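Listed below, chain by chain, are the residues.
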Amino acid sequence: MAGRNGVRIGVALGDREVVGVLLGKLGTPAIRVPVSLGNGGFDPGPGLRRAVGELKTAMDEALGRSTEDATVHVALLPPLADARLVPFPPMKKAEVEAVLSRDVARYFLGANRPRVVGVRLPRGNGNGPGKKDGASVSVLATAAPLALLEDIGSAFQEVGWRCVSLSAAHGSWLASASSAKGTPVGSVVAVIGSTAHVMRLDGMDPVTVRQVSASDPAAVFEAAGGGSGRVLVLSDPHAFDDLRAPLAGLGLTVSRDPEGWPGAEEGTAGRAASNQLELV
């Protein structure tokens, strides 16, 4: 979906920075704007509106015309969106979302304020070959502050943009693995700040979700499952170089972002429209 002006924008929002890219225009530089969100996004405050206004101005300048009425897809970076694997019996997506929403504090520590959840079911939902009916499956569940999502919608509306989807960044990272050519990806490592967010995969389904120090290659290797295989490292060039040699020395094949995005934030924004982990 595009606005009347045809402009589509992908946004990755973190607690310290908002990154925007023009979707469908590969090679267009990403725009980064500092942002300050209070209390982990539960009290966004005026910082969000200021940052969105600056992003709109910068996007207008980059495009050479107004981006009024652009459609925007937003992906929330950690810690604004929390993610974990939760065991569930085979259920429909709407049913899992309803269970999580009724008692979100049970599944996400510290979730003592209203939150919005997102769910990604594994392929087959536990009923694939070799699976017994009724066996529990690991569901990738995410949660984000309701107040933040409401403020995001208002902030974009104020600058004339239409926010059409809100998702967790982890879905964008899974999309990066599915777009990689050649040897299947066994793990995805997204480096945000000083933290490496590691998802070990079985096919395209996450089987572990962990956070370790990005400066500790041994911890990243262990979180990725050890052994051999291919790991996709989504990070800026400096962090990629810091991890590539140590991980390769431990037996992993290390690959960059398959679409050439220079950092995890840019790649998250660039895949925000294809993210299958929407917050509802």
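Residues numbered from 1 in each chain as written. Predicted model: local features only at pLDDT ≥ 70, side-chain atom pairs only at ≥ 80, totals over all residues. Heavy atoms only, no water.

Our next topic: the sheet that holds strand E12 (residues 229-234). If you trace the 5 strands from one edge of the open sheet to the other, you get E11-E10-E9-E12-E13, paired in mixed fashion. Bordering the open sheet on either side are strand E11 (205-213) and strand E13 (252-255), each of which pairs with just one other strand. Put simply, the sheet's adjacent strands are angled 20° from each other on average, direction ignored. Taken together, the 4 bridges between E12 and E13 define a ladder with parallel strand orientation. Of the residues in E13, the one forming a bridge with arginine 230 is threonine 253. Running at roughly 160° to E13, helix H7 (residues 237-249) makes contact with strand E9 (187-192), E12 and E13 of the sheet. (Pairing = 2+ DSSP bridges. Helix = DSSP H or I, 4+ residues; strand = E, 2+ residues; numbered from the N terminus. Axes fitted to C-alpha atoms, helices over the stretch in contact; angles between N-to-C directions. Contact = heavy atoms within 4.5 Å.)

So, on to helix H4 (residues 146-158). Helical geometry note: an α-helix holds 3.6 residues per turn, so side chains three or four residues apart project in the same direction. For H4, which comprises 13 residues, the first-to-last C-alpha distance of 19 Å matches the rise-based estimate of 18 Å (1.5 Å per residue) to within 8%. Turning to H4, its buried residues number three or more, namely Leu148, Leu149, Asp151, Ile152, Ala155 and Phe156. An end-on view of H4 places all buried positions within 165° of arc, on one side of the element. Those residues of H4 that are exposed and aimed more than 90 degrees away from the buried face are Glu150, Gln157 and Glu158. Where the residues of H4 are buried, they touch strand E1 (8-13), helix H1 (46-63), strand E4 (71-76), strand E6 (115-120), strand E7 (137-145) and strand E8 (162-168). (Expected span 1.5 Å × (residues − 1). Buried < 20%, exposed > 50% of the residue type's maximum accessible area, 1.4 Å probe, protein only. Arc of directions from axis to C-beta.)

Moving on, we get to the nonpolar core. Formed by 58 residues in total, the largest nonpolar core has its most connected members in Ile9, Leu13, Val74, Leu76, Ile152, Trp161 and Trp173. The contacts of isoleucine 152, once residues within four sequence positions are left out, are Leu13, Leu48, Val74, Leu76, Cys163 and Leu166. Ranked by size, the runner-up nonpolar core spans 18 residues in total, among them Val189, Ala224, Val231 and Leu243. (Core = buried A, V, L, I, M, F, W, Y, C linked by side-chain atoms within 4.5 Å.)

It is worth spelling out the environment of aspartate 60 at this point. Summarising the element assignment, aspartate 60 is placed in helix H1. In this structure, aspartate 60 is in contact with Arg65, Ser66 and Thr67, ignoring residues within four places of it in sequence.

We now examine the packing of H1 against H4. Two elements in contact, H1 and H4, have axes whose closest approach is 9 Å; the angle formed by their N-to-C orientations is 40°. Our pair here, H1 against H4, has a crossing hand that is right-handed. Contact with H1, carried on its side by Leu48, Arg49 and Val52, involves Leu148, Asp151, Ile152, Ser154, Ala155, Phe156 and Glu158 of H4 and no other residues of that element. (Left-handed = near helix turned anticlockwise from the far one by under 90°.)

A word on the pairing of E12. Here E12 lies mainly inside the structure; 5 of its 6 residues are buried. Examined bridge by bridge, E9 and E12 share 4 bridges and lie parallel to one another. Within E12, the position partnered with alanine 190 by the bridge is leucine 234. This β-α-β element, E12 to H7 to E13, shows right-handed connectivity. (Right-handed = clockwise from strand over helix to strand, strands pointing away.)

Glancing now at the sheet that holds E4. Read from one edge of the open sheet, 5 strands run E3-E2-E1-E4-E8, paired in mixed fashion. At either end of the open sheet lies a strand with only one pairing partner, and these are strand E3 (31-34) and E8. Across the sheet, the mean angle from the axis of one strand to that of its neighbour is 20°, orientation sign disregarded. Examined bridge by bridge, E1 and strand E2 (residues 17-22) share 5 bridges and lie antiparallel to one another. Directly across from isoleucine 9, in E2, lies its bridge partner leucine 22. H1 contacts E1, E2 and E3 of the sheet and is inclined by roughly 155° relative to E3. Contacts from H4 reach E1, E4 and E8 within the one sheet, and its direction differs from that of E4 by about 150°.

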